[in-house]
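Analysis of the macromolecular model
These are the residues of each chain, in order.
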Amino acid sequence: MYHEVLPDHLDIPSWLVVREARFRRQMRYLKRHFRILSMDAAVDYLATAANQVKARRPPAVITFDDGYAGNFSCALPVLRALQLPFTVYVSTAMVAGGGRFWHDRIIAALITAGRGNLSIQTSAGTLEYSGRARLDARRWAGIESILTRLKNLPPAEREVIADRLDQDLKVPALRMMTPAELHELSRDKLVTIGNHTHAHELLDQLDSERATATILRAQTLLEEWTGRRPVHFAYPNGNYVGETAALVKRLGMATAVTGNPRTWVEADSLFEIPRIGIGRFDNLNLFRARMCGLLQ
Ligand SMILES: [Zn+2]
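As the structure is a prediction and not an experimental result, all values here were calculated from the model.

A few words on the domain arrangement of the chain. Examined at the domain level, the chain breaks down into domain 1 (4–99 + 176–291) and domain 2 (102–166). Each of domain 1 and domain 2 was reduced to a C-alpha centroid, and the two centroids are 26 Å apart. The interface is formed by 11 residues belonging to domain 1 together with 9 residues belonging to domain 2. Where domain 1 abuts domain 2, roughly 920 Å² becomes buried across the two surfaces, and 62% of that area is made up of carbon and sulfur atoms.

Pasting the structure below:
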């Protein structure tokens, strides 16, 4: 599970953004040691019991969440050169509106705070952030703990907080694909476009009517932009409950991926597929350890 890949010189120290050179090395490693399948091919593979008897190279699927611009400008050329199929799960509101996710705005603001401290007032009390950690990975841990606590606030309040922090924002911001870029991306035979809801709602916080509405709205827009109706789904932020999985299935999906950080086992449901998250701080050794299931 990736989110974004961008050229090395863009210094965006967010876990979500993997450097291009590192990503290329990771993809070469995958190509050598795994059989990379599209999501459709993976479903077929799992349906055929005979396949599950020891493959020389274990199968793996490459996925991206959200629909960031670098999926098209940076990751696609790398994956095309290696002829590796991949799936991009798109949240359509951000693509339609050219907008930005609240969590990216918060990350950008905290990075702007630099090495200083920052207090964030919320209805659930004050969150204290300290940017003093020397390692990027440590600083990210501090950012992540702020994000985790903001996720428990009402969505409207998160936007207000992001607006407030945004006011003195001066770092390069992450950008989503435009509909035209998404259209171009989807034309490549290597690419599968999946549904990631319309506005990245956390589905365990919605009733089934609203969950249905956001998923179907994304279906309509993705079909309009790519000419195809997605059959693969990713739960935003990995949040789901049992009913969500049943709903996604009823709405015509063949699979749904989570953020449960481990490799697939035979008992797993196709609607609760685990994924190994890869981020900016994974060097090749960490990447290999994660792919071997050593760091689950
Ligand atoms: Zn997402």
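Following the structure, the description resumes.
Within the protein, Asp66 (OD), His196 (NE2) and His200 (NE2) serve as the donor atoms for the zinc ion, at 2.0 to 2.2 Å. Here the donor residues of the zinc ion share one chain and are spaced in sequence as D-x129-H-x3-H. You can see Asp66 sitting in strand β5 (residues 63–66) and its partner His200 sitting in the loop between β9 (191–195) and α9 (208–226), a full 134 residues away along the chain. Here the two residues Asp66 and His200 agree in accessibility, since each one is buried.

This brings us to the nonpolar core. When a protein is soluble and globular, its nonpolar side chains tend to lie buried together. If you look at the biggest cluster of nonpolar residues, it comprises 35 residues, and the most contacted ones within it are Phe23, Met27, Ile62 and Phe64. Contributions of two or more residues to this core are made by α1 (20–33), α3 (69–82), β6 (86–90), α8 (179–187), β9, α9 and α11 (284–291). It is α3 that provides the largest number of residues to this core, a total of 6 residues. With residues near it in sequence (within four places) discarded, Met27 still touches Tyr2, Ile62, Val78, Leu79, Leu82 and Leu84. Ranked by size, the runner-up nonpolar core spans 27 residues in total, among them Tyr68, Leu110, Ile111 and Leu127.

Moving on, we get to the pattern of salt bridges. The final tally for this structure, using the stated rule, is 8 salt bridges. Of the charged contacts, one joins Arg80 and Asp188 as a salt bridge, the two residues approaching to 2.7 Å between their closest N and O atoms. Of this pair, Arg80 sits in helix α3 while Asp188 sits in the loop between α8 and β9, and the two are 108 residues apart along the sequence. Across the pair Arg262 and Asp268 runs a salt bridge, and its minimum N-O distance is 2.8 Å. What makes Asp268 buried here is its relative accessible area of 14%.

The tally for this structure, following the rule as stated, stands at 7 aromatic pairs. Arranged with centres 4.6 Å apart and planes meeting at 20°, the rings of Tyr235 and Tyr240 form a pair that is stacked. By the ring-pair criterion, three or more aromatic residues cluster together here, those being Tyr2, Phe23, Phe64 and Phe86.

Let us look at the pairing of strand β8 (residues 125–130). As judged from the 6 bridges shared by strand β7 (residues 117–122) and β8, these two strands associate in the antiparallel manner. By the bridge assignment, Gln121 is partnered in β8 with Thr126. The turn linking β7 back onto β8 is made up of 2 residues.

Cut-offs and rules
Residues numbered from 1 in each chain as written. Predicted model: local features only at pLDDT ≥ 70, side-chain atom pairs only at ≥ 80, totals over all residues. Heavy atoms only, no water. Domains from an automatic or database assignment. Contact = heavy atoms within 4.5 Å. Buried area = accessible area lost by both parts, 1.4 Å probe. Donors = N, O, S within 2.8 Å, 3.2 Å for Na, K, Ca; no water. Helix = DSSP H or I, 4+ residues; strand = E, 2+ residues; numbered from the N terminus. Buried < 20%, exposed > 50% of the residue type's maximum accessible area, 1.4 Å probe, protein only. Core = buried A, V, L, I, M, F, W, Y, C linked by side-chain atoms within 4.5 Å. Salt bridge = Lys/Arg side-chain N within 4 Å of Asp/Glu carboxyl O. Phe/Tyr/Trp six-rings, centres within 6.5 Å; stacked < 30°, edge-to-face > 60°. Pairing = 2+ DSSP bridges.

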